[in-house]
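Residues per chain, in single letters:
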Amino acid sequence: MADLPSNARVVIVGGGIVGCSVAYHLALRGVTDVVVLERKQLTCGTTWHAAGLVGQLRATHNLTRLAQYTTNLFSTLEEVTGQATGFQQRGSVSVATDEERFEELKRGASMARVFGLPVNIITPADIQELFPLANVSDLVGGVHLPGDGITNPIDTTMALAKGARTHGVTIREGVRVDRIITENGRAVGVAYTLDGTDESGVIRADAVVNAAGMWARELGDAVGAVVPLHAAEHFYIVTEAVEGISPTMPVLRDGHACGYFKEDAGKLLVGWFEPVAKPWGMKGIPDTFAFDALPEDFEHIAPLMESAVNRMPVVGETGIRLFFNGPEAFTPDDRYLLGPSPEVPGLFMACGFNSIGIQSSGGAGKVLADWIIDGRPPMDLWDVDVRRVMPFQRNRQYLHDRTVESLGLLYAMHWPYYQYQTARGARRSALHDRLVAAGACMGETAGWERPNWYAAPGSNPQYEYSYGRQNWFENCREECLAVRDAVALFDQTCFPKFLVQGDDACLFLNRLSCANVDVAPGRGQMLRRMASAESLGAGTDGRDRLLVPVTEPERVADEVAAVGPDAFMPLPELADLPEADPL
């Protein structure tokens, strides 16, 4: 193609707000040999129908820093690029209908102060003043974040695209990426076809960014990259014009009602994250899908409408101008996928944004641009690092079942020690049934069913979620005393093991380790290069054969560890355990 280069430093697949943000930030760093390919038009897919909420407080400090960066970026983007964005810092209020929800909000407010965010804990009377149209009779309080904002997703994307083009980035619409080209396992470019034609071509690149939104999983699967995401239906309505609504009304979030309320050009936009969601696109997403909506399903959200009318009675008194249902991509843990693919060097991910793509776009685009240029992330991004995901998570049935739950968790109570309810049992050790029979309350880590604690005889091994004292504290105490004073068995099947063998195996591990591993079998200890991160147990099987278990759950062999002062006493009970496959 005459207007598309045959080579580029970076090719970005997808012209949504995240893809354009990555291009913009690469250009700000001086990397302008960048090509963005969009199969239809910029923002089509999911960006165009986003509500445009720009919140700043996230679950961790670093994710909050990224969201803060987005807010700061949007506040100046119109001035820098000359393209209107519609960004306004109206603030947001999250409300509580019970003390447990209020406790969660107040804890979030404390975290916000630590992160340097302006925040106020407010009363129902304060909420009424901010939202004259709201019913506050059943509220116990709320939290006000005055720095939060809203933006127009399409205009903001266009501003990022304009800024990138100004610096020399090439952005082309109507170009479908058919596949990522790999050589010797490394991504080296893309093959494309012009939309609506048979004309095709290839662009070779040093790096390829998968910002393909709902299509990102299929694009990655084709080259062996793990991209676990699944689309789900997301519902919102827009009312007719509402008399008396303030054009500067903050965003109102009501977790109990699973919904949010936003003033929209004199109307009221109400959206939901329902507890039982509707996955979509199980048989693939059509190539023709662009600015499309999904079929209405009023029956699905009818109970949520009732809650919306309770919070904002005007919803029940005003006609509905738009009933919208559009797809968005969700990941198994509700955190997006960012960074280099561990399976395919040269391929970077920027997808799976779980309905927070607008507020995440600025920060995610900046740090991924830094990552591509510098070869390392500019900060701790493990919360969203794509390397955290497991190969089994691309299983379609697993993703479908987890998506039913994950969408609603955005507005559900964020209990400490919460355990997912869906897509369980994906990975089990040979001892699973025996552990359950012994009273284990099973939790999940990277798909592995692991005993989190054991219930006392006659009691129920289930969590009773609370922000107070946990129902399993006494059970855990007994386990700790048993390890301290006697012996306990730990099923370590979910830990991967590296078998290091050869004449210099012991010498090699001693160089890596801060401690001497040339000791009796089972007595070794070693630390990683960053010793503060975690310690690793090293068991020896002779000086030329050492087995090192580590703590990230991945491909494993069955293993049981005896821990405690009596660990080396004879344990006849072990004779009845199933024999593991040899390494």
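Residues numbered from 1 in each chain as written. Predicted model: local features only at pLDDT ≥ 70, side-chain atom pairs only at ≥ 80, totals over all residues. Heavy atoms only, no water.

1. Let's talk about the overall build of the protein
Then, in step 1: Secondary structure assignment for the protein yields 13 helices and 27 strands.
Then, in step 2: Against the compact-globule benchmark of 25 Å for 583 residues, the protein has a radius of gyration of 26 Å, which places it among compact chains.
Then, in step 3: For the protein, the spread of C-alpha atoms along the principal axes amounts to about 80 × 65 × 45 Å.
Then, in step 4: Counting only contacts in the protein whose residues sit at least 6 apart along the sequence, the fraction spanning at least 24 positions is 70%.
Then, in step 5: For the protein, the accessible surface area stands at approximately 25900 Å², while carbon and sulfur atoms represent 51% of it. (Helix = DSSP H or I, 4+ residues; strand = E, 2+ residues; numbered from the N terminus. Rg over C-alpha atoms; globule rule 2.2 N^0.38 Å. Contact = heavy atoms within 4.5 Å. Areas by Shrake-Rupley, 256 points an atom, 1.4 Å probe, with all protein chains shown as cover.)

2. Some remarks on the nonpolar core
Then, in step 1: One finds Ile 12, Leu 26, Val 209, Tyr 336 and Leu 368 to be the most contacted residues of the largest nonpolar core, which totals 47 residues.
Then, in step 2: No other element matches the 8 residues that helix H1 (residues 17-28) contributes to this core.
Then, in step 3: Dropping the residues within four chain positions of it, Val 209 is found in contact with Val 10, Val 11, Ile 12, Val 13, Phe 348, Ala 350, Leu 368 and Ile 372.
Then, in step 4: Grouped together as the second largest cluster of nonpolar side chains are 38 residues, Val 175, Val 226, Leu 229 and Ala 329 included. (Core = buried A, V, L, I, M, F, W, Y, C linked by side-chain atoms within 4.5 Å. Buried < 20%, exposed > 50% of the residue type's maximum accessible area, 1.4 Å probe, protein only.)

3. Quick look at the environment of Ser 459
Then, in step 1: On the secondary structure map, Ser 459 appears in the loop between strand E21 (448-454) and helix H12 (473-485).
Then, in step 2: Overall, the relative accessible area of 36% leaves Ser 459 in the partly exposed class.
Then, in step 3: Considered as a pair, Ser 459 and Gly 439 are 20 residues apart in the sequence and their alpha carbons are 8.5 Å apart.
Then, in step 4: Within the structure, the side chain of Ser 459 is placed 2.6 Å from the backbone oxygen of Ala 456, a separation counted as a polar contact. (Polar contact = N/O pair within 3.5 Å; in protein donor to acceptor, adjacent residues only side chain to side chain.)

4. Topic: the packing of aromatic side chains
Then, in step 1: For the structure shown, the criterion picks out 21 aromatic pairs.
Then, in step 2: Between Phe 392 and Tyr 398, the aromatic rings sit 5.1 Å apart at their centres with planes inclined by 70 degrees, giving edge-to-face as the arrangement.
Then, in step 3: Plain terms: the ring middles of Tyr 418 and Tyr 420 are 6.1 Å apart, the flat faces sit at 80 degrees to each other, and that makes the pair edge-to-face.
Then, in step 4: For Tyr 418, a relative accessible area of 27% translates into the label partly exposed. (Phe/Tyr/Trp six-rings, centres within 6.5 Å; stacked < 30°, edge-to-face > 60°.)

5. Observations regarding the environment of Trp 272
Then, in step 1: By the element assignment, Trp 272 lies in strand E15 (residues 267-272).
Then, in step 2: Here the alpha-carbon distance between Trp 272 and Gly 91, two residues 181 residues apart in the chain, equals 19 Å.
Then, in step 3: Ignoring sequence-local partners within four residues, the contact set of Trp 272 consists of His 234, Phe 235, Tyr 236, Ile 237, Ala 257, Cys 258, Gly 259, Tyr 260, Ile 301, Leu 304, Met 305 and Ala 308.

6. A short note on the pairing of strand E10 (residues 186-194)
Then, in step 1: With respect to burial, E10 is a largely interior element, 8 of its 9 residues being buried.
Then, in step 2: Across 8 bridges, strand E9 (residues 175-183) lies against E10 in antiparallel orientation. In the sheet register, Val 175 faces E10, and the bridge partner there is Leu 194.
Then, in step 3: Between E9 and E10, which pair antiparallel one after the other, the connecting turn spans 2 residues, and Asn 184 there sits at a positive phi close to 55 degrees.
Then, in step 4: Pairing analysis gives 5 bridges linking E10 to strand E11 (residues 200-210), with the strands arranged antiparallel. (Pairing = 2+ DSSP bridges.)

7. Section: the environment of Leu 322
Then, in step 1: Relative to the helices and strands, Leu 322 resides in strand E17 (residues 320-330).
Then, in step 2: According to the relative accessible area criterion, Leu 322 is partly exposed, its value standing at 34%.
Then, in step 3: In this structure the C-alpha to C-alpha distance between Leu 322 and Thr 239, which are 83 residues apart in sequence, comes to 6.7 Å.

8. Looking at the side chain of Glu 449
Then, in step 1: The topology assignment puts Glu 449 in strand E21.
Then, in step 2: At 2.7 Å, the side chain of Glu 449 forms a polar contact with the side chain of Arg 424.
Then, in step 3: At a separation of 2.9 Å, a polar atom in the side chain of Glu 449 contacts the main-chain amide nitrogen of Gly 425.
Then, in step 4: Residues in contact with Glu 449, not counting those within four places in the same chain, are Arg 424, Gly 425, Arg 427, Arg 428, His 432, Met 442 and Gly 443.

9. Some details on unusual backbone geometry
Then, in step 1: With a phi close to 55 degrees, Asn 184 is a non-glycine residue in the positive phi region.
Then, in step 2: The residue Asn 184 is located in the loop between E9 and E10 in this model.
Then, in step 3: Residue classification places Asn 184 among the exposed residues on the basis of a relative accessible area of 87%.
Then, in step 4: One non-glycine residue, Ala 265, lies in positive phi territory at about 55 degrees.
Then, in step 5: Within the secondary structure layout, Ala 265 lies in the loop between strand E14 (259-264) and E15.
Then, in step 6: A relative accessible area of 66% places Ala 265 in the exposed class.

10. Some details on the confidence of the model for the protein
Then, in step 1: For the protein, the average pLDDT comes to 91, and 90% of its residues sit at 70 or higher.
Then, in step 2: Scored below 50 in pLDDT, residues 528-543 makes 40 contacts in the model with residues more than four places away or belonging to other chains.
Then, in step 3: Segment residues 579-583 is flagged for pLDDT under 50; beyond a separation of four residues in sequence, or across chains, it makes 4 contacts in the model. (pLDDT = per-residue confidence, 0-100.)

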